[in-house]
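# Structural features, examined
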Amino acid sequence: MLENKVGMIFGVANKRSIAWACAEACREHGAELAFTYQGERLERNITRLTKDMENTLVVPCDVTNQSEVDAAFEAVDKKYGRLDFLIHSIAFAPREALEGEFLDTSRDAFLTALEISAYSLPQLALSAKPLMKDGGSIVTMSYYGAEKVVQNYNVMGVAKSALESSTRYLANDLGKDNIRVNAISAGPIKTLSARGVKDMSTFLTHIEERSPLKRNVTAREVGNTALFLVSDLSSAITGETIYVDCGFNIMGI
Ligand code: 1JT
């Protein structure tokens, strides 16, 4: 399904990352993949994970460092000469901002969360555009806290709202170049980011009890949806936020 397509994957920290599940799904359908990592600490993980994959590229890319972003896209241009899809699975907020009240969010935490978790989407889309010569597809990861209040999610909810809105504005700008932009609103998954989130287990149990499918989502299910969104099967879908949450978001009382 993705034969002869080149993708760039942002946000693999380890094998449990949503970005990694997306990569595996795309790889199984024939895509060639370039991976970026943030900080030297994570370089070894991604190098190990991709050691048996053919024709991959692994480059550093801290989105707060524009020269690293430029170098990452230059490396993709040099190796493949094109880009067909981009998967954005990046978010950050200081730990203290994800507990207690949103009211107490510092200016610094707010700006950091919005810069890394939301601004990075238009930032990367701008660099991707010239490489997406035959059109393309951009997919980002959101969460329910973007539209409803989720205790402790706090400033990340505000950042995800900005991210979902950015998805729509980018879809409008890039539609004329046949570049689609969509978000996946994934149910909670135990990844490195989710580790240390207070009451995560209670939270997962709540979804098991309340969601229509009576279970939580797997990273691979999110990966399969990303595969659909980067493939030509979704050629008329853009600007959307697609829920991959076992139906949790449709429930009222
Ligand atoms: C970040 C973190 C973004 C955790 C995230 C996230 N998007 C989803 N999660 C998991 C989560 C977190 C909370 C939650 C429910 C799910 C941590 C690092 C910063 C970026 O609240 C009930 C807080």
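We now turn to the structure provided with this report. Bear in mind the structure is a predicted one, so any value in this text is a computation, not a measurement. (Residues numbered from 1 in each chain as written. Predicted model: local features only at pLDDT ≥ 70, side-chain atom pairs only at ≥ 80, totals over all residues. Heavy atoms only, no water.)

## Focus on the side chain of Asn 152
For clarity, the threshold we go by: Under the DSSP-based scheme used, a helix requires at least four consecutive residues in state H or I and a strand at least two consecutive residues in state E, with every element numbered from the N terminus. Contacts are assigned to residue pairs with any non-hydrogen atoms lying within 4.5 Å of each other.
Within the secondary structure, Asn 152 is located in the loop between β5 (136-142) and α5 (154-174). Here Asn 152 is in contact with Ala 97, Leu 98, Glu 99, Gly 100, Lys 198 and Asp 199, once residues within four sequence places are set aside.

## A look at helix α7 (residues 219-230)
The α-helix winds at 3.6 residues per turn, so residues separated by three or four positions along the chain end up facing the same way. So the rule is basically this: One less than the number of residues in a helix, times 1.5 Å, gives the span that helix is expected to have. Only protein chains enter the accessibility calculation, which uses a 1.4 Å probe; a residue is then buried when its area is under 20% of its type maximum, exposed when over 50%, and partly exposed in between.
The first and last C-alpha atoms of α7 sit 16 Å apart over 12 residues, in line with the 16 Å expected at 1.5 Å per residue. Turning to α7, its buried residues are Ala 219, Val 222, Gly 223, Thr 225, Ala 226, Leu 227, Leu 229 and Val 230. Packing partners of the buried residues in α7 comprise α1 (18-28), β4 (85-88), β5, β6 (179-186) and β7 (241-244).

## Let's talk about the site of the ligand
Heads up, the rule is: Throughout, near means a residue has at least one heavy atom within 4 Å of the molecule or strand. Pairs of N or O atoms are called polar contacts if they sit within 3.5 Å, as long as, within protein, a hydrogen donor faces a hydrogen acceptor (for residues adjacent in sequence, only side-chain-to-side-chain pairs). Accessibility throughout is a Shrake-Rupley quantity obtained with a 1.4 Å probe, and a residue counts as covered only by protein chains that appear here. When residue character is reported, Ala, Val, Leu, Ile, Met, Phe, Trp, Tyr, Cys and Pro are called nonpolar, Asp, Glu, Lys and Arg charged, and the others, Gly included, polar.
Every one of the 13 residues lining the ligand counts as a neighbour, but Ala 93, Gln 151, Tyr 153, Ser 193 and Phe 203 are closest to it. A distance of 2.8 Å is found between a nitrogen atom of the ligand and a side-chain nitrogen or oxygen belonging to Tyr 153. Computed on the free molecule, the ligand has an accessible area of 500 Å², of which 89% lies beneath the protein chains in the complex. Tallied by class, residues from the shell around the ligand come to 10 nonpolar, 3 polar and no charged.

## Side note on the packing of aromatic side chains
The cut-off we apply is this: Aromatic rings from Phe, Tyr and Trp, with only the six-membered ring used for Trp, were paired whenever their centres fell within 6.5 Å, and each pair was classed as stacked if the ring planes differed by under 30 degrees, edge-to-face if by over 60, and tilted otherwise.
For the structure shown, the criterion picks out 4 aromatic pairs. Between the aromatic rings of Trp 20 and Phe 35, the centroid separation amounts to 5.8 Å while the plane-to-plane angle is 40°, which identifies the pairing as tilted. In this pair, Trp 20 is assigned in helix α1 and Phe 35 in strand β2 (residues 32-37), connecting sequence segments 15 residues apart. Phe 35 matches Trp 20 in its accessibility class, with the two residues each being buried. With a centroid separation of 4.7 Å and an interplanar angle of 65°, the aromatic rings of Tyr 143 and Tyr 153 are classed as edge-to-face. Taken together, the residues span a long stretch of sequence, with Tyr 143 in the loop between β5 and α5 and Tyr 153 in the loop between β5 and α5 at a distance of 10 residues. Tyr 153 carries the same exposure label as Tyr 143, and that label is buried.

## Some thoughts on the pairing of β6
We count it as follows: Pairing between strands requires that DSSP locate at least two bridges from one strand to the other. If you view a crossover with the strands going away from you and the path from the first strand over the helix to the second runs clockwise, you call it right-handed.
Among the 8 residues of β6, 8 are classified as buried, and the element is accordingly described as predominantly covered. Of the two faces of β6, both are covered, the one formed by Ile 179, Val 181, Ala 183 and Ser 185 as well as the one formed by Arg 180, Asn 182, Ile 184 and Ala 186. When β5 meets β6, the two strands line up parallel, connected through 7 bridges. Bridging from a neighbouring strand, Thr 140 pairs with Ala 183 of β6. A crossover links β5 with its parallel partner β6, the connecting element being α5, and its sense is right-handed. Relative to β7, β6 runs parallel, the two sharing 4 bridges.

## Section: the pattern of salt bridges
We apply this condition: Basic side-chain nitrogens of Lys or Arg form a salt bridge, by our definition, when they fall within 4 Å of a carboxyl oxygen of Asp or Glu.
Scanning the model with the defined rule gives 8 salt bridges in all. Between Lys 148 and Glu 147 there is a salt bridge whose closest N-O contact spans 3.9 Å. Given the relative accessible area of 44%, Lys 148 is considered partly exposed. On the accessibility criterion, Glu 147 (45% relative accessible area) is partly exposed. Salt bridges here are not isolated pairs; linked through shared partners, they connect Arg 82, Asp 84 and Asp 134.

## Overview of unusual backbone geometry
With a phi angle near 45°, Asn 154 is a residue other than glycine that sits in the positive phi range. Turning to its location among the elements, Asn 154 is positioned in helix α5. For Asn 178, which is not a glycine, the phi torsion comes out positive at approximately 55°. With respect to the helices, strands and loops of the structure, Asn 178 is situated in the loop between α5 and β6.

## Points about the pairing of strand β1 (residues 6-10)
Burial analysis of β1 places 5 of its 5 residues in the buried class, which makes it a mostly covered element. Taken together, the 5 bridges between β1 and β2 define a ladder with parallel strand orientation. When the sheet's bridge partners are listed, Gly 7 is paired in β2 with Leu 33. Handedness of the crossover joining β1 and β2 through α1 is recorded here as right-handed. The pairing of β1 with β4 spans 4 bridges and is classified as parallel. Bridge pairing in β4 places Met 8 opposite Leu 86.

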